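# Examination of the molecular architecture
Here are the chains, one letter per residue:
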Amino acid sequence: MTKFFPHDPADEAAAAKAAIIAARELGEAASRGAISALEARLGKVMAYDGRKNVYAIDLGVTEPTTYDVEVFGDTIKVTIKDVGSLRTDAMDAYFRQEIDEVPGALLSFLDIVLHTKPAKSRVRVGASFYSNDEKVVLGGGAEAWKGYYHAIKPLGRGMTLAMDVKFTGFWTAMPMLEFVRQAGLVTRSDTHMTDQNRLVLANLIKGVRVTQSNRSDRPGGSGRKVQGVSSYAAANLTFSDKDGTNLSVADYFARNYKALEFPDYPCIQVGSNKRPMYLPIEVVQIVGAQRRHRLTDQQTSKLKDMACTKPPVRFQNVSRLRRVAAYETDEYLKEFGLTVEPAMLHVSGRALSPPTLIYNHALTVQPANGRWNMKDKMYYQAGPILHYWGVLILQDSRGRMPPGGGRVKQDFMRFLTTLESVSRKTGLAISNMNPMILVRSKSDVAQAMREIKETVDGDAREHGQPGCQLILIVKPTNETSDYREIKFQSDSVHGCPSQCMLSKHMERVNIMYCANLGLKINSKLGGGNVTLTQPSLDRLKARKTLMIMGLDLSLESKAIARTTDAVAAVVGTLNHQYTEYASAYRFQLAKEEHIMDLTKLAQDVFTSFFERWQKLPEALLVYRDGVADSQMKHVLDVERDALVEAYQNVQPGSTPEITMVVTQKRHRTRFMPVNQSQGDKAGNCKPGLCVDGDITQPHQFEFYLQSHTALQGTSRPVRHVVLVNELGLSSDELQEITNSLCYVNARCTLSTSMVAPTAYSALVAERGRVMRAGATGEGSDYASSLGGGSGNAAVAPVNNDIKRSIHLKDKLYFM
């Protein structure tokens, strides 16, 4: 098939015009080169942000002045205009607590001064700077670069430099044809590329900068961005030449350069969509030193292995990078009178005691180092007897699990015997040891789950029971596509909890795994695994009827669903033991920083509480995750009012007392004990560390809490910022309550880094994303949701019609 395009895909005039546009919008390397040339000409040190902001002392420019400087062999005009002075005495006013925050312009100036020198020799990604000196090949056209993050922060002790080791993925500079082969989209013997693989390629390389091997680019050029991949092969993609002759891209390259080796491969689209340019894959080169945002699971695993280091090693690496940064010889810091102390901060903290955990028969447990186990313990409240349930065993892609019987069912029955024995000891009774078992292909998930649900429902109703209690899914791999479909079917279509497990655990039975699986099953059936007693929390409950809430607003995962949505989720406790929760979620535009439909979400949760107790709680302790510093006041103003409105919609004429706490994990603060004998085996501080001075903001009620033991690497404490405290909790009380709530996550017998309500709200938001993806029928992380010839992603609008079953609203189905 032939398709006509108005422009020559390799037209020299079009390329020249594109070069002019690129020169007009200088890349950072060229613009920094221009400012460096101007520094040399004027004999002044100038801090530069890489765009249009320059800071200097006594530059002597009162009127707009234009200079001609040479960069990469070209003459560039640079115009300097004085736009005002910046006063630094606001920092002193801030630390004297005369003003509430350091002006943003001043903080921006300090960061620009700090970043100017490393930006000249390293690749900048945000506030991090990378070099390929110690790069590690990840395979598949990706490599890991090591770098460091640094930024200036106003803290209680003064202006402080935050620094950390960073690893991230970059594109490997290589021919596009070699990348296509490494990605498994074609083999060396393939003469064509399938439409499916073309869409995969379009999604992988969209936005990547490339150059052409058949022509030389200007020095300092960064190439052109890939817009997509053509629907037609180079031999079939035609255009009108200058003389009006129609010829294909393959013919053009054969005439002007050399014949293509793979004329039946599609072309790479660069330039703009209005003025596209199409280049054969075999002449395209991927430019190096570009951050790679999307990595495969294997590449991500390698990257995490590099980044995951124990505290002593991590802190040594930071010290080494501090020396590499060479702040003492940084002329930009010197020019503006800034110095950086060589030693890390020593801060004071205190150790919070863990709560007392309560199991059945009033058995109490005192956790040690954030750990305990279920040996000789029974759940605080066992769920109903598991009798009406079914099992779906999925074949792998090679069909290695034979359908209709064979060893696979024998393996499962052996696993079930162990699961039942372990569960019985903890209080969960599995009375039906002969559940319905189906072995099906992954493509038959929906039909198989419907068959199980209908059959088990019929059996249950014959005996006067509500219906299927659980569907256990045995998956051959941890792939996301079948998981999405499973959860959509269970959560939305059938309203029946499902529990996934990998077949390797069925084949090699492990008692510890069965115990962990029992924790999830018991909570999904409506049981409560554990509760607690803690003096501060007990006093609060004695004064007020309390609901503890978790709020989360998270962006869509690109690996699951390519939409414009964010997912907002709310959970709230339904009983005084904090073992039962109501939950709700909705989609909203990702650009919004606050939860837009919080009134509706909270009203759903409050309604569940009211239906159970015929009243609403008098007090709300709200943990809100995922708020940036700049948005805290806005979130407080909007979301507190939304909670009050929702409350009054359910119970008119009354208003709750609210304490709202923001939880943050995306920060660079890490702790290590000065004396390693006071740490855990990995070198981390022991669980319960609380720091509420030295590194906290002087104007805020905030603290850092490290409530958990890292399973690997360096523990990340959680920063807690109190936005409003109508309950009148003291620092000690709120810190102790928060630490206690990190011990009641029903999924594990470990203390967690986040309080259980916050962790649950994140799980609900994630399930919302999964359900939406399942509803749209996506089948591939890369190929799904892609459009036509150019490979642009189809963007789905906000859609709240995809709903969770009403039967699950008050269950921990998301565990």
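Let us look at the structure shown here. Since the model is a prediction, treat every value here as computed from it, not as a measurement. (Residues numbered from 1 in each chain as written. Predicted model: local features only at pLDDT ≥ 70, side-chain atom pairs only at ≥ 80, totals over all residues. Heavy atoms only, no water.)

## Some details on the overall build of the chain
A count of helical and extended segments in the chain gives 20 helices and 34 strands. At 30 Å, the chain has a C-alpha radius of gyration in line with the 28 Å of a compact globule built from 815 residues. Oriented by its inertia axes, the alpha-carbon framework of the chain measures out at about 85 × 70 × 55 Å. Burial status across the chain gives 51% buried among its 815 residues. Counted over contacts in the chain with a minimum sequence separation of 6, partners at least 24 positions apart contribute 69%. (Helix = DSSP H or I, 4+ residues; strand = E, 2+ residues; numbered from the N terminus. Rg over C-alpha atoms; globule rule 2.2 N^0.38 Å. Buried < 20%, exposed > 50% of the residue type's maximum accessible area, 1.4 Å probe, protein only. Contact = heavy atoms within 4.5 Å.)

## Thoughts on empty space enclosed by the protein
A full pass over the atoms with the stated rule returns five cavities of 30 Å³ or more. A per-class count over the lining of the largest cavity returns seven nonpolar, five polar and no charged. (1 Å grid on protein atoms, 1.4 Å probe; cavity = no way out; pocket = protein on both sides within 12 Å on 5 of 7 lines; lining within 4 Å. Points joined across faces, edges and corners; volume = space filled by probe spheres on them. Nonpolar A, V, L, I, M, F, W, Y, C, P; charged D, E, K, R; others polar.)

## Considerations on the packing of aromatic side chains
In this structure the tally under the stated criterion is 21 aromatic pairs. Each ring, one from Trp145 and one from Phe170, has its centre 4.1 Å from the other, and the planes form 20 degrees; the classification is stacked. Here the residue Trp145 occupies a position in strand E8 (residues 142–155), and Phe170 occupies one in strand E9 (residues 158–171), the gap between them amounting to 25 residues. Grouping residues by exposure puts Trp145 and Phe170 together as buried. Pairing Tyr581 with Tyr760 gives two aromatic rings, centres 4.9 Å apart and planes at 85 degrees, and the pair type is edge-to-face. In this pair, Tyr581 is assigned in strand E29 (residues 581–589) and Tyr760 in helix H20 (residues 756–775), connecting sequence segments 179 residues apart. (Phe/Tyr/Trp six-rings, centres within 6.5 Å; stacked < 30°, edge-to-face > 60°.)

## With respect to a nonpolar patch on the surface
On the surface, Leu589, Met596 and Val798 cluster together into a nonpolar patch covering about 220 Å² of accessible area. Within the element layout of this structure, Leu589 appears in strand E29. Note on Leu589: relative accessible area 35%, which makes it partly exposed. (Patch = residues over 30% accessible without salt bridge, like charges linked within 9 Å, V, L, I, M, F, W, Y side chains within 5 Å. Areas by Shrake-Rupley, 256 points an atom, 1.4 Å probe, with all protein chains shown as cover. Salt bridge = Lys/Arg side-chain N within 4 Å of Asp/Glu carboxyl O.)

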